[in-house]
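Results of the structural survey
The primary structure of each chain is shown beneath.
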Amino acid sequence: MYSQESISGRRRGHTEPTAEMLSGLACLICGTDYRSALAPEAVVVSHRDDRRLLACHGTCARMASGSVNGLDETPLPLAERVRRHQADHS
C-alpha cells in the first residue's frame, strides 16, 4: 500500500495523461498497459472530453477517484478501446 507521502508526491508530480491513458489502454496512475495478458482489472475513475479514464482496481483507483472500485460505470471492452485509439491516431 502507498504511504500518504507517496500519494501526495504523486499528485504534486502528476503529468498530463498519455494518448494510451486517454484511450483507456493504460492506467491513469501507474501506466499499466491493459493490453497485456497479466493486466489487472480496470475501473472507470474519471471522465475527460467524453472519454472514460481508467485505473487499476484497488490502490490506483483510490488514488484517482477516492474509491478502490472507481465510479459505478463499466469500461468499454478492450477491443473497442483499441479500435477507437487506432482510429484516433491513424
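Described in the following lines is the structure provided in the data block. This structure is a prediction, so every number in the text was calculated from the model and none was measured.

Another aspect to go through is the pattern of salt bridges. Taken as a whole and assessed by the stated rule, the structure comprises six salt bridges. The closest approach of N and O atoms between Glu 73 and Arg 52, which form a salt bridge, is 3.4 Å. One end of the pair, Glu 73, is in the loop between α3 (59-65) and α4 (78-88); the other, Arg 52, is in strand β2 (residues 51-56), with 21 residues separating them in the sequence. Owing to a relative accessible area of 29%, Glu 73 belongs among the partly exposed residues under this scheme. Under the relative-accessibility criterion, Arg 52 is labelled partly exposed at 35%. Close ionic contact of Arg 83 with Glu 80 constitutes a salt bridge, the shortest N to O distance being 2.6 Å. Remark: Glu 80 and Arg 83 occur in helix α4; sequence separation between them is three residues, near one turn of the helix. Looking at Arg 83, the relative accessible area reads 46%, which means it is partly exposed. Residues joined in a network through salt bridges with shared partners are Glu 80, Arg 83 and Arg 84.

Bringing the side chain of Ser 23 into the picture now. Tracing the backbone through its elements, the reader meets Ser 23 in the loop between α2 (19-22) and β1 (42-48). For Ser 23, the contacting residues outside a window of four places in its chain are Arg 51, Arg 81, His 85 and His 89.

The sheet contact formed by β1 and β2 spans six bridges and is antiparallel. The partner of Ala 42 across the bridge, within β2, is Cys 56. Taking the residues that link successive antiparallel strands as the turn, the β1-β2 hairpin has two residues, and the phi of Asp 49 there is positive, at about 50°.

We now examine the side chain of Arg 81. By secondary structure assignment, the location of Arg 81 is in helix α4. Lacking a salt bridge, the buried Arg 81 has Asp 33 as its closest oppositely charged neighbour, with an N-O distance of 8.0 Å.

A word on the nonpolar core. Judged by nonpolar contacts, the single largest core of 17 residues is most densely connected at Cys 27, Tyr 34, Val 45 and Cys 60. For this core, the secondary-structure elements that each account for two or more residues are β1, β2 and α3. If we ignore the near neighbours within four places in the chain, the residues touching Cys 27 are Met 21, Thr 32, Tyr 34, Leu 54, Ala 55, Cys 56 and Cys 60.

Conventions used here
Residues numbered from 1 in each chain as written. Predicted model: local features only at pLDDT ≥ 70, side-chain atom pairs only at ≥ 80, totals over all residues. Heavy atoms only, no water. Salt bridge = Lys/Arg side-chain N within 4 Å of Asp/Glu carboxyl O. Helix = DSSP H or I, 4+ residues; strand = E, 2+ residues; numbered from the N terminus. Buried < 20%, exposed > 50% of the residue type's maximum accessible area, 1.4 Å probe, protein only. Contact = heavy atoms within 4.5 Å. Pairing = 2+ DSSP bridges. Lys, Arg positive; Asp, Glu negative; His and termini not counted. Core = buried A, V, L, I, M, F, W, Y, C linked by side-chain atoms within 4.5 Å.

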